[in-house]
Amino acid sequence: MVVMDLDEESTREGENIEEVVNAEESIDDEAIDIHEEEVGDVKDDLVGEIITTIEFVDQISDYRRTQQKECFNLVRRLKILIPFMDEIRGFEFPSPESCMRFLNRLRKVILAARKLLETCNNGSKIFLALDSELIMTRFHSIYEKLNRVLVKTPFDELRISDEVKDEVGSLCKQLKKARRRTDTQDIELAVDMMVMFSKTDPRNSDSAIIERLAKKLELQTIEDLKTETIAIKALVQEKGGLSIETKQHIIELLNKFKKLQGVEATDVLYEPVINKSTSLILPHEFLCPITLEIMQDPVIIATGQTYEKEGIQKWFDAGHKTCPKTGQTLDHLSLAPNFALKNIILQWCEKNNFKIPEKETSLHSENDSEEQKDEVSLLVEALSSSQLEEQRASVKQMRLLAKENPENRVLIANAGAIPLLVQLLSYPDSGIQENAVTTLLNLSIDETNKKLISDEGAIPDIIEILQNGTREARENSAAALFSLSMLDENKVTIGLSDGIPPLVELLQHGTSRGKKDALTALFNLSLNSANKGRAIDAGIVQPLLQLLKDRNLGMIDEALSILLLLVSHPEGRQAIGQLSFIETLVDFIRQGTPKNKECAASVLLELGSNNSSFILAALQFGVYEYLVEITSSGTNRAQRKANALIQLISKSEQI
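Residues numbered from 1 in each chain as written. Predicted model: local features only at pLDDT ≥ 70, side-chain atom pairs only at ≥ 80, totals over all residues. Heavy atoms only, no water.

Under an unreviewed UniProt entry, the protein chain has the name RING-type E3 ubiquitin transferase and belongs to Brassica campestris. Quoted verbatim from the Catalytic activity (unreviewed entry) heading of the UniProt record, the comment on the protein chain is "S-ubiquitinyl-[E2 ubiquitin-conjugating enzyme]-L-cysteine + [acceptor protein]-L-lysine = [E2 ubiquitin-conjugating enzyme]-L-cysteine + N(6)-ubiquitinyl-[acceptor protein]-L-lysine." Quoted verbatim from the Function (unreviewed entry) field of UniProt, the annotation for the protein chain is "Functions as an E3 ubiquitin ligase." (UniProt positions renumbered as here; feature names shortened; annotations may be inferred.)

This is the structure we're talking about:
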């Protein structure tokens, strides 16, 4: 801009061009000197922070036993970077933009590594053992991110020596080879943890197992337990850090360890909370069981439990359909304001002169968010890589990120990953196909992403994998079609794209999980009238009838629900209305679960409303007395269906 001003001024006043050029060169030289000095300072600051961070984690010697080996491996690999950083620090020439970008990315990975190592140094031992798989995923995420940064090092621009370049190359090979390890001791630990948290295993209170766990986790003294209690309190108070089930599991096991030492068991989740600024004890009924903070907008869910609206909404948005506190499956996801409790909280706050803290995003959360954005950006970039291994690694890591939480699903979609993932569905590599379709499945939990995925033309490719993919890929393809079919236009697209026959094939010949995935997809698709005929033509009736015979699979209600949809179709009634099927329905009405009885009565009512011969056949099997029993003891819906059937029977007898 300064040079342009000089040019304009010289043109207007007829100054000597040579003077203007000299002025330009003087200004440019000054700007370069300032730029070099500023960039050099920033570069040295970045390099200094990276070296200091690596030296800091090298001083940590006491890691939790469950992650000890992986922590030392990570620190050993990070230390290889110190000579590399020393050479960059000694680089006196102007650092190009690509070098600064490289250092910024490297710094973020190193800080993420430090955070993970500190967690393994002072975090809850029980949590680190319980979620060891998740923690290992974080280690491998660090390895993958570090490798992606290092392979793009601008060695020539930084003038790095061949010796250091070889060391960095060797480190990249180590990072690629890093694989998940599970020692014999880890397997035994995992089994013991599963036993402890089982509600049905009689060994869940076995003192020998509890003692063995306490020894492995080094929680054998009162001092150990005090330290662990502090770590758990810090853990449960982290916003959005853990699910309520995980928190409860951790506290249950802590209390079992306390009993071994003769210490009184307490509930960290519901201990009186003391506000640090006022020393007031906050009544635990004012605290949300999810956020563990005083509720500002309490709402009631189907089980009658109360939660902070924002906390329970996030729980539902993550795909849960259960009550976090009781574990019960919810009849609906509606939220009702708890005005009574809200007024009590406001009155208590006013009486005690207590100000409810304002909700604000912490700097820590902002930093985490930025790190996540950078990670997603790198993964999306790697999806287009010409290196097969890099593509495999990135799509696998993206699959894990998309599974974690709703925020990641939005981040990944906004970063432009969906078109690239759809392209990978037709890639001639079964591993990439499997991870790509599973990532799309995880992303499709977000309502907006459903449309983005289908708009990219993913459905035909998902159906192709459903037909010819690996076992897991086929199952996840079925689940993806179910998720996408929540949009009515996708029900039509899937039906017209011949997606129903391979789902019926999976229903008939798949594993238990495959049958379940196919069943849920077929139910959703059969809500579309045209798809009912397609499902019947594809031979869906026989596999459904087979599911009714095998009670061990636990899919009777789902099978009956689809049959209820199909009997509204003339071809469906013809295919289903066999004498043996009527006998099966009556058997469920007689001795099934409450839900079985409800579904079976609904199917029989639909059949009988269109053809009285089905009612007459049911009467031969003694259905009347079972229906009378349901009118007084069944679910509300079952009672309505039973009464309607009794009226239908009365009409048929009059005829």
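Turning our attention to the environment of Glu-625. By secondary structure assignment, the location of Glu-625 is in helix α34 (residues 623-633). Along the chain, Glu-625 and Ile-646 lie 21 residues apart, while their C-alpha atoms are 9.8 Å from each other. (Helix = DSSP H or I, 4+ residues; strand = E, 2+ residues; numbered from the N terminus.)

A separate point is the nonpolar core. Leu-425, Leu-503, Ile-540, Leu-544, Leu-548, Leu-560 and Phe-581 are the most contacted members of the largest nonpolar core, which has 91 residues in total. In terms of residues, this core owes the most to one element, helix α32 (residues 594-610), which gives 7 residues. Residues within four places of Leu-503 in sequence aside, it is in contact with Leu-466, Ala-478, Leu-481, Ala-518, Ala-521, Leu-522 and Leu-525. If you look at the next biggest cluster of nonpolar residues, it comprises 69 residues, including Leu-106, Val-109, Tyr-143 and Leu-225. (Core = buried A, V, L, I, M, F, W, Y, C linked by side-chain atoms within 4.5 Å. Buried < 20%, exposed > 50% of the residue type's maximum accessible area, 1.4 Å probe, protein only. Contact = heavy atoms within 4.5 Å.)

This brings us to the sheet that holds strand β4 (residues 306-308). One open sheet accounts for 3 strands, arranged β4-β3-β5; its pairing is antiparallel. One side of each edge strand has no neighbouring strand; the edge strands of this open sheet are β4 and β5 (336-337). Pairing of strand β3 (residues 298-300) with β5 involves 2 bridges; the strand directions are antiparallel. Opposite Ile-300, over in β5, you have Ala-336 as the bridge partner. On the sheet, helix α14 (residues 309-317) packs against β3 and β4 and is oriented at approximately 95° with respect to β4. (Pairing = 2+ DSSP bridges. Axes fitted to C-alpha atoms, helices over the stretch in contact; angles between N-to-C directions.)

Along the chain, Asn-490 turns up in helix α24 (residues 488-496). The class for Asn-490 is buried, based on a relative accessible area of 2%. Of note is the side chain of Asn-490, whose polar atom sits 2.9 Å from the backbone oxygen of Leu-484. Setting aside chain neighbours within four positions, we find Asn-490 in contact with Lys-450, Ser-454, Ile-459, Leu-484 and Ser-485. (Polar contact = N/O pair within 3.5 Å; in protein donor to acceptor, adjacent residues only side chain to side chain.)

Another aspect to go through is a negative patch on the surface. Judged by side-chain charge, Asp-162, Glu-163, Asp-166 and Glu-167 come together as a negatively charged surface patch. Along the chain, Glu-163 turns up in helix α9 (residues 162-177). On the basis of relative accessibility, which here comes to 58%, the residue Glu-163 falls in the exposed class. (Patch = residues over 30% accessible without salt bridge, like charges linked within 9 Å, V, L, I, M, F, W, Y side chains within 5 Å. Areas by Shrake-Rupley, 256 points an atom, 1.4 Å probe, with all protein chains shown as cover. Salt bridge = Lys/Arg side-chain N within 4 Å of Asp/Glu carboxyl O. Lys, Arg positive; Asp, Glu negative; His and termini not counted. Charge placed at Lys NZ, Arg CZ, Asp CG, Glu CD.)

Two elements in contact, helix α3 (residues 68-79) and helix α4 (residues 81-89), have axes separated by 5 Å at closest approach and are oriented at 30°. It follows that α3 is roughly parallel to α4 by the angle criterion. The residues of α4 that touch α3, namely those facing Arg-77, Leu-78 and Lys-79, are Leu-81, Ile-82 and Pro-83. Class assignment of the residues belonging to the contact of α3 with α4 gives a composition of 4 nonpolar, no polar and 2 charged. (Parallel < 35°, antiparallel > 145°, perpendicular 65-115°, else oblique. Nonpolar A, V, L, I, M, F, W, Y, C, P; charged D, E, K, R; others polar.)

Let us look at helix α7 (residues 132-150). With 19 residues, α7 should reach 27 Å at 1.5 Å per residue; the first-to-last C-alpha distance of 27 Å fits that figure. Among the 19 residues that make up α7, 15 are buried, leaving the element largely enclosed by the rest of the structure. (Expected span 1.5 Å × (residues − 1).)

One can describe the packing of helix α26 (residues 512-525) onto helix α29 (residues 556-566) by two numbers: an axis separation of 10 Å at closest approach and a directional angle of 25°. Regarding the angle of α26 to α29, the classification is roughly parallel. Of the two elements, α26 crosses α29, and the hand of that crossing is left-handed. Here Lys-516, Leu-519, Leu-522 and Phe-523 of α26 lie close against α29, whose contacting residues are Glu-558, Ala-559, Ser-561, Ile-562 and Leu-565. Along the lines of polarity and charge, the residues of the contact of α26 with α29 split into 6 nonpolar, 1 polar and 2 charged. (Left-handed = near helix turned anticlockwise from the far one by under 90°.)

Right, let's get into unusual backbone geometry. Positive phi outside glycine occurs at Glu-218, with the angle close to 55°. For Glu-218, a relative accessible area of 37% gives the class partly exposed. Phi angles above zero are rare outside glycine, and Asn-353 is one such case at about 55°. Note on placement: Asn-353 falls in the loop between α15 (339-351) and α16 (363-383).

As enumerated under the stated definition, the model contains 20 salt bridges in all. Of the charged contacts in the structure, one is a salt bridge between Glu-49 and Arg-107, with a shortest N-O distance of 2.8 Å. With a gap of 58 residues between them, Glu-49 in helix α2 (residues 17-58) and Arg-107 in helix α5 (residues 97-122) connect regions that are remote in the sequence. According to the relative accessible area criterion, Arg-107 is partly exposed, its value standing at 23%. Among the ionic pairs, Asp-517 bridges to Arg-513, the shortest N-O distance being 3.5 Å. Of this pair, Asp-517 and Arg-513 are both found in helix α26, 4 residues apart, which corresponds to roughly one turn of the helix. Asp-517 sits in the buried class, given a relative accessible area of 13%. Where salt bridges share partners, they join Arg-471, Glu-475, Arg-513 and Asp-517 into one cluster.

What follows is about the packing of aromatic side chains. Tallied over the entire structure, the rule returns 5 aromatic pairs. An angle of 85° between the planes, with centres 5.4 Å apart, marks the rings of Tyr-63 and Phe-72 as edge-to-face. Overall, the relative accessible area of 2% leaves Tyr-63 in the buried class. Taking the centre distance of 6.1 Å and the plane angle of 40° together, the rings of Phe-84 and Phe-155 count as tilted. A residue pair is termed long-range when its members are at least 10 positions apart, and Phe-84 in helix α4 and Phe-155 in helix α8 (residues 155-158) qualify at 71 residues. Feature note: the residues Phe-84, Phe-102 and Phe-155 constitute an aromatic cluster, connected by ring pairs. Above the plane of the ring of Tyr-143 lies Arg-77, whose end atom (NZ or CZ) is 4.9 Å from the centre. Note that Arg-114 overlies the ring of Phe-56, its terminal NZ or CZ placed 4.0 Å from the centroid. (Phe/Tyr/Trp six-rings, centres within 6.5 Å; stacked < 30°, edge-to-face > 60°. Lys NZ or Arg CZ within 6 Å of the ring centre and 35° of its normal.)

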